[in-house]
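Residue-level structure breakdown
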Amino acid sequence: MRVEEFKLSVVGMDLTRRLFMRSQGELLPLTTYEVEDNIIYLMSGEALETALRLDTILNFLDNQELIGIDTEMQFFPIYGYRVENDYLILG
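Residues numbered from 1 in each chain as written. Predicted model: local features only at pLDDT ≥ 70, side-chain atom pairs only at ≥ 80, totals over all residues. Heavy atoms only, no water.

Regarding the nonpolar core
Counted only if it meets this: Nonpolar cores were defined as sets of buried Ala, Val, Leu, Ile, Met, Phe, Trp, Tyr and Cys residues, with membership established by side-chain atoms within 4.5 Å. Type-normalised accessible area, obtained with a 1.4 Å probe on protein chains alone, sets the label of each residue: buried when under 20%, exposed when over 50%, and partly exposed for intermediate values. The helix and strand labels rest on DSSP assignments: H or I over at least four residues marks a helix, E over at least two residues marks a strand, and numbering proceeds from the N terminus.
Ranked by internal contacts, the top residues of the largest apolar core, which has 18 residues, are F6, L30, L42, I57, L66 and L90. Within the residue set of this core, elements represented by two or more residues are α1 (3-9), β1 (18-23), β3 (39-44), α2 (54-58) and β7 (87-90).

A closer look at the sheet that holds strand β4 (residues 65-69)
Through backbone hydrogen bonds, the strands of a sheet pair up, either in parallel or in antiparallel fashion. This is how the line gets drawn: For two strands to be treated as a pair, DSSP must find at least two bridges joining them. A fitted line through C-alpha atoms serves as each axis, taken over the contacting stretch for helices, and the angle formed by two N-to-C directions is quoted from 0 to 180°.
Spatially, β5-β4-β3-β2-β1-β7-β6 is the arrangement adopted by the seven strands of the open sheet, whose pairing is mixed. The sheet terminates laterally at β5 (75-77) and β6 (81-84), the two strands that pair on one side only. Here the strands of the sheet are splayed against their neighbours by 40 degrees on average, with no regard to which way each runs. Summarising the sheet, β4 and β5 pair through three bridges and their orientation is antiparallel.

Notes on the environment of E65
Here is the rule we go by: Every residue pair with non-hydrogen atoms within 4.5 Å of one another is taken to be in contact. The definition of a polar contact used here is a pair of N or O atoms within 3.5 Å, where within protein one atom must be able to donate a hydrogen and the other to accept one, and adjacent residues in sequence count solely through side-chain atom pairs.
When you line up the elements, E65 lands in strand β4. Of the residues examined, E65 reaches a relative accessible area of 29% and is grouped as partly exposed. Along the backbone, E65 and M43 are 22 residues apart, and their C-alpha atoms lie at a distance of 14 Å. Among all residues touching E65, those that are not within four sequence positions of it are M1, R2, N38, I39 and I40. Here the side chain of E65 touches M1 through a polar contact of 2.8 Å, landing on its backbone nitrogen.

Here it is, written out as structure tokens:
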């Protein structure tokens with residue numbers, strides 16, 4: 001998913017929502033990111049309190065692509081998200 005598409009779909013959402021992804025049935029917080037060319041790698045970690053927030057992604061350039069990386073270094077293209085409680089779960 002490109003950042004531009006993501007930005008359009010989250011208009012009006014609470015910018016403090018924490019970002020997560022599912023990997024092997026486990027909900028993982030996205031805690032860090034790296035930018036390489038036009039790709040933003042969102043990396044999962046263990047600490048819930050350090051999970052990235054929605055406003056982090058809104059600061060990226062529109063033409064960049066979002067890719068998730070789990071704790072075992074597996075890459076997952078981001079195609080969308082769902083809202084669960086106060087979490088934004090990318091997938």
